Amino acid sequence: MVLVNSTPCSVTCGLGVKQEQLCEVSPAGDYRNCSLVRSRCLSDWICGLQHLSVPEGKPLQLTCLSQDAASLEGPNFGYTWKFARGLITTNDLLFHPFSNPSRSLSFSPVLESHSGTYRCDVQVLSSFQLVKRIYFGLRVIPRDLVNLDFEKSLTWEQQLAAKGLEVPENATGPRERRERFWEKQWFSEVVLGIGSGVIMGTVFGLGLCCLGRICGKRAAREMNGD
């Protein structure tokens, strides 16, 4: 049997699954009796830091190895979890052992005290070879912030996308219309302010002119009287 074709690994780090096509080769060089086989694949064993933000009180499950990769025939794996409480970090000196022999870690429900970074190592039991390391940076949102209206913080386009609706081309959303309204109001206020300033300046100038004439007439009378 020879390898004829293979799919890419299902993951970019750690253990994944790929599908291979194996065939017999006839003396004439033809492929026959082909079969598809699923097998494990290993790329870079360091998977880095995955950030998570979860509302307090919700269930949560962290999984460091997929069910597909864990269930295939081959060596058995061991899982080692560690925890850095209250920190989002990849500094291994800050982690402490966390008792959990499973490939998954569940919280029902998640609490604010669960915030921190969880590190999971996957090793081959027979050789202790490290085949995956992943960090989960968990931030738990307190209950008093969970009730904030999240939808109000979305743009009009994001609200349509969240509802599965398509955003029309060159469409003007409510927020944009509100912005244009305020822009018009701001422009009107500026024009009104300039106009008021011009009027006040004109009135003030006329007042000074009239006052000058009155003072001039009084001075002329006084001189004639003398």
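What counts and how
Residues numbered from 1 in each chain as written. Predicted model: local features only at pLDDT ≥ 70, side-chain atom pairs only at ≥ 80, totals over all residues. Heavy atoms only, no water. Pairing = 2+ DSSP bridges. Helix = DSSP H or I, 4+ residues; strand = E, 2+ residues; numbered from the N terminus. Axes fitted to C-alpha atoms, helices over the stretch in contact; angles between N-to-C directions. Buried < 20%, exposed > 50% of the residue type's maximum accessible area, 1.4 Å probe, protein only. Core = buried A, V, L, I, M, F, W, Y, C linked by side-chain atoms within 4.5 Å. Phe/Tyr/Trp six-rings, centres within 6.5 Å; stacked < 30°, edge-to-face > 60°. Lys NZ or Arg CZ within 6 Å of the ring centre and 35° of its normal. Salt bridge = Lys/Arg side-chain N within 4 Å of Asp/Glu carboxyl O.

(A) Summary view of the sheet that holds strand β1 (residues 2–6). Here we have three strands laid out as an open sheet, ordered β1-β2-β3, and antiparallel in their pairing. The open sheet has two free edges, formed respectively by β1 and β3 (31–42), since each of these has just one partner strand. For this sheet, the mean inter-axis angle between neighbouring strands, taken without regard to orientation, is 35°. Here strand β2 (residues 15–25) pairs with β3 via 10 bridges, running antiparallel. Pairing of Glu24 across the sheet is with Arg32, part of β3.

(B) Structural detail: the sheet that holds strand β10 (residues 130–141). One open sheet holds the five strands; their spatial order is β4-β10-β9-β6-β7, and the pairing between them is mixed. Both edges of this open sheet fall to β4 (46–55) and β7 (96–98), since each of them pairs with a single strand only. Between one strand axis and the next, the sheet turns through 30° on average, direction left out of account. Of the strand pairs in this sheet, strand β6 (residues 77–85) and strand β9 (residues 116–124) are connected by nine bridges, and their pairing is antiparallel. Its bridge partner being in β9, Thr80 is matched across the sheet by Asp121.

(C) Inspection of unusual backbone geometry at higher detail. In the segment running from Ser108 into Pro109, the intervening peptide bond is cis, with an omega of 0°. Relative to the assigned elements, Pro109 resides in the loop between β8 (104–107) and β9. The backbone phi angle of Asn33 is positive, close to 50°, even though this residue is not glycine. Mapped onto the elements of the fold, Asn33 is located in strand β3. Here Phe128, not a glycine, exhibits a phi torsion of approximately 60°, which is positive. Looking at Phe128, the relative accessible area reads 61%, which means it is exposed.

(D) Up close: the nonpolar core. Within the largest apolar cluster, 25 residues are counted, with the highest numbers of intra-cluster contacts made by Leu62, Cys64, Phe77, Trp81, Tyr118 and Val122. For this core, the secondary-structure elements that each account for two or more residues are β2, β5 (60–63), β6, β8, β9 and β10.

(E) Quick peek at the packing of aromatic side chains. Considering all chains together, one arrives at six aromatic pairs under this definition. With centroids separated by 5.7 Å and ring planes inclined at 55°, the aromatic side chains of Phe95 and Tyr135 adopt a geometry described as tilted. Highlighted residues: Phe95 in the loop between β6 and β7 and Tyr135 in strand β10, separated in sequence by 40 residues. Judged by its relative accessible area of 7%, Phe95 is buried. A centroid spacing of 5.7 Å and a plane angle of 90° characterise the contact between Phe98 and Tyr118, whose relative ring orientation is edge-to-face. One end of the pair, Phe98, is in strand β7; the other, Tyr118, is in strand β9, and 20 residues separate them in sequence. Here the basic side chain of Arg119 rests over the ring of Phe95, its NZ or CZ set 5.9 Å away from the ring centre.

(F) Seen up close, the pattern of salt bridges. The final tally for this structure, using the stated rule, is seven salt bridges. Notably, a salt bridge pairs Asp68 with Arg38, separated by 3.8 Å at the nearest N-O pair. With Asp68 in helix α1 (residues 67–71) and Arg38 in strand β3, this pair connects stretches of sequence that are 30 residues apart. Overall, the relative accessible area of 42% leaves Asp68 in the partly exposed class. With relative accessibility at 43%, the residue Arg38 sits in the partly exposed group. With its nearest N and O atoms 2.7 Å apart, the salt bridge here joins Arg133 to Asp121. Residue Arg133 is found in strand β10, and its partner Asp121 is found in strand β9; the two are separated by 12 residues along the sequence. The same class applies to Arg133 as to Asp121, namely buried.

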